[in-house]
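Listed below are the residues making up each chain.
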Amino acid sequence: MAQKTLDQEAFSCSVCLDLLKDPVTIPCGHSYCRNCVQQHWDQEDDKQLYSCPECDLRFSPRQMKKTAPPAARCYAGPQDVSCDVCTGRKLRAVQSCLQCVASYCERHLQPHHEAAAFKKHQLVEPSHMLQENICSEHDKVMDLFCRSDQQSVCYLCSVDQHKGHDIVTSASERAQRQAELPARRALLLQNLQHKETDLKRLQQEAQDIRHSAQTAVQCSGDSFTQMALLLDKRRSEVEQQIRSQEQTQLSRVQELQDQLQQDVRGLKRSLSELDTLALTQDHNQFIQVYTSLSPHTQSTEPHTIHTGDRSYFEEVTRAVSKLRDTLQLTLSPVQVLLAQAEPNSRDDFLQYSTEITLDPNSVHTKLSLSDGNRRVTRVSEHQSYPKHPNRFSYWEQVLSRESLTGRCYWEVEWSGVWARIAVSYRDIQRKGHSIECGFGYNDKSWALQREPNSYSFWFNKVQSQVSGPVKSRIGVYLDHSAGVLAFYSISESTMSLLHRVKTRFTQPLYVGVGIYYTGDTAHFPKLK
């Protein structure tokens, strides 16, 4: 019954008061059964001027267009904006009115098109957020904007809490901000292009790293395979030489053994002959036999065989052990194989020169960027930078756009009283009145502080004194994978090490600059 009532209300014909049959819509927007409106117009044929049975709008000739049947009408789903006027099962809203703070289906929207009182109402796409346009205190539409407090207000707010403030209509504020959109879009587009360029560079760098690593793996694999083959060949040759020498020595020993065994047998015979001779009673026979005895019986001194050194192959063993020890030193761990000597001259450092530009989205509002974002100056007035979550709000600091990994070198030209050059992780704290936001006052940044006549180094609130010549140019060297960060004082012909850090970096680093006195500047020159 409820469904029938809804259909009769939403899809009934005002002529027959029944559900629409073969519905059509006439120029004024009202819908009727085709037969009902045709019968109504048949009665007006003599006038040749036809009217709407409901609003009496007149037109000629007859005009009607087929209307979607009720079954095709769209009811509001869980995610849709529903009509605020429909009862029972609600239809999907086709527009929302900012003045009425309500949403309407096509049928209930008709008064906004027909009645003069609604002509100035602003219709927008259906919205779930209409109530956000209503003042929570006065329950009025917030159609004004307070520029002093940067918030939407109603007209009662403008004469109460916001009295004396810079109040404009929401439309005029929107128009002004609308006019700013092209410039902001151009800036965003420029930033997008920079990011996409950086992304492509990083993708190419990642591809180069993978290619280089694969080439190194292939070359080292081939080299180790060749070394293994060479070692196997040398092992076979040494083994063959040992076996050959073994056979030579064994042949010599065997010859001596055979000779000694033959001598033993001869001596045993001679002993037997002497024993027999000793028993002979006939003297003449004894003399004759004695004279004919074998030469072995006449030997009076023993013959000694000299054997060789028992450590026959110890020299070979020592030589192979020495080769093994040499290989162990040569085939050191991968870290040693990949280690490179640090640069020791400015020309060496310049091989790793990295162009540094500063990030407009991180710069404090009292720092002004220039020279293609490579120069930063401390100014007295706040700059009109757009709000951004990455912007430093307390310390006058800025980070670079470029993230740093691998080996990098850059230089900074100072001009002023007191400043800091730093490297920092991206997730350093940036908001709030906290010392933790300052470079060197946390465990996410490392900073060299320059004063008129001295330097100091800061990390995690710990200060270290630094000695060295105070110059206007500072060089910074980073070896991210090795955990090395070094600061140098640069003159025309020399580089003097100021401070060197050895640690372990767990994230990509960004260059940071802190300028705290009005008029002070820092510039990142392009290095050749």
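The coordinates are above.
Residues numbered from 1 in each chain as written. Predicted model: local features only at pLDDT ≥ 70, side-chain atom pairs only at ≥ 80, totals over all residues. Heavy atoms only, no water.

(A) Focus on the nonpolar core. Grouped together as the largest cluster of nonpolar side chains are 35 residues, with contacts concentrated most on V376, W410, I421, W446, L485, F487 and F524. Sequence-distant contacts of V376, that is, excluding residues within four places in its chain, are made with L358, L367, S368, L369, V398, V513, I515, D520, T521 and A522. Judged by nonpolar contacts, the second largest core, of 13 residues, contains C13, C28, C36 and V37. (Core = buried A, V, L, I, M, F, W, Y, C linked by side-chain atoms within 4.5 Å. Buried < 20%, exposed > 50% of the residue type's maximum accessible area, 1.4 Å probe, protein only. Contact = heavy atoms within 4.5 Å.)

(B) The arrangement of the pairing of strand 12 (residues 367–370) in detail. Covered by surrounding structure in strand 12 are L367 and L369 only, the residues S368 and S370 on the alternate face being uncovered. For strand 12 and strand 13 (residues 375–378), the ladder comprises 4 bridges, and the chain directions are antiparallel. Bridging from a neighbouring strand, S370 pairs with R375 of strand 13. Connecting the antiparallel pair strand 12 and strand 13 is a turn made up of 4 residues, with D371 showing a positive phi of about 55°. (Helix = DSSP H or I, 4+ residues; strand = E, 2+ residues; numbered from the N terminus. Pairing = 2+ DSSP bridges.)

(C) Quick look at the pattern of salt bridges. Considering all chains together, one arrives at 21 salt bridges under this definition. One salt bridge in this structure joins E411 and R473, with 2.7 Å as the shortest N-O distance. Of this pair, E411 sits in strand 15 (residues 407–415) while R473 sits in strand 20 (residues 473–479), and the two are 62 residues apart along the sequence. Across this residue pair, the class does not change: E411 and R473 are buried. In this structure, K444 and D427 form a salt bridge, with 3.5 Å as the shortest nitrogen-oxygen distance. Taken together, the residues K444 in the loop between strand 16 (419–424) and strand 17 (445–450) and D427 in the loop between strand 16 and strand 17 connect sequence positions 17 residues apart. Here the residues in one salt-bridge network are R346, E411, E413 and R473, joined through shared partners. (Salt bridge = Lys/Arg side-chain N within 4 Å of Asp/Glu carboxyl O.)

(D) Quick peek at the sheet that holds strand 11 (residues 167–169). Strands sit in the order 10-9-11 across an open sheet of 3 strands; the sheet is antiparallel. Among the strands making up the open sheet, the edge pair consists of strand 10 (151–153) and strand 11. Pairwise comparison of adjacent strand axes, ignoring direction, gives a mean angle of 35° for this sheet. In the sheet, strand 9 (residues 144–146) pairs with strand 10 via 3 bridges, with the strands oriented antiparallel. Each residue of the ladder has a partner; that of F145, found in strand 10, is S152. (Axes fitted to C-alpha atoms, helices over the stretch in contact; angles between N-to-C directions.)

(E) Main features of the sheet that holds strand 23 (residues 509–515). The strand order 14-23-16-17-18-19 describes an open sheet built from 6 strands, whose pairing is antiparallel. The sheet is open, and its two edges are formed by strand 14 (397–404) and strand 19 (462–466), each paired on a single side. If you compare each strand with its neighbour and ignore which way they point, the axes differ by 20° on average. With 5 bridges connecting them, strand 18 (residues 455–459) and strand 19 associate as antiparallel partners. Residue S456 lies in a different strand from strand 19, and its bridge partner there is Q465.

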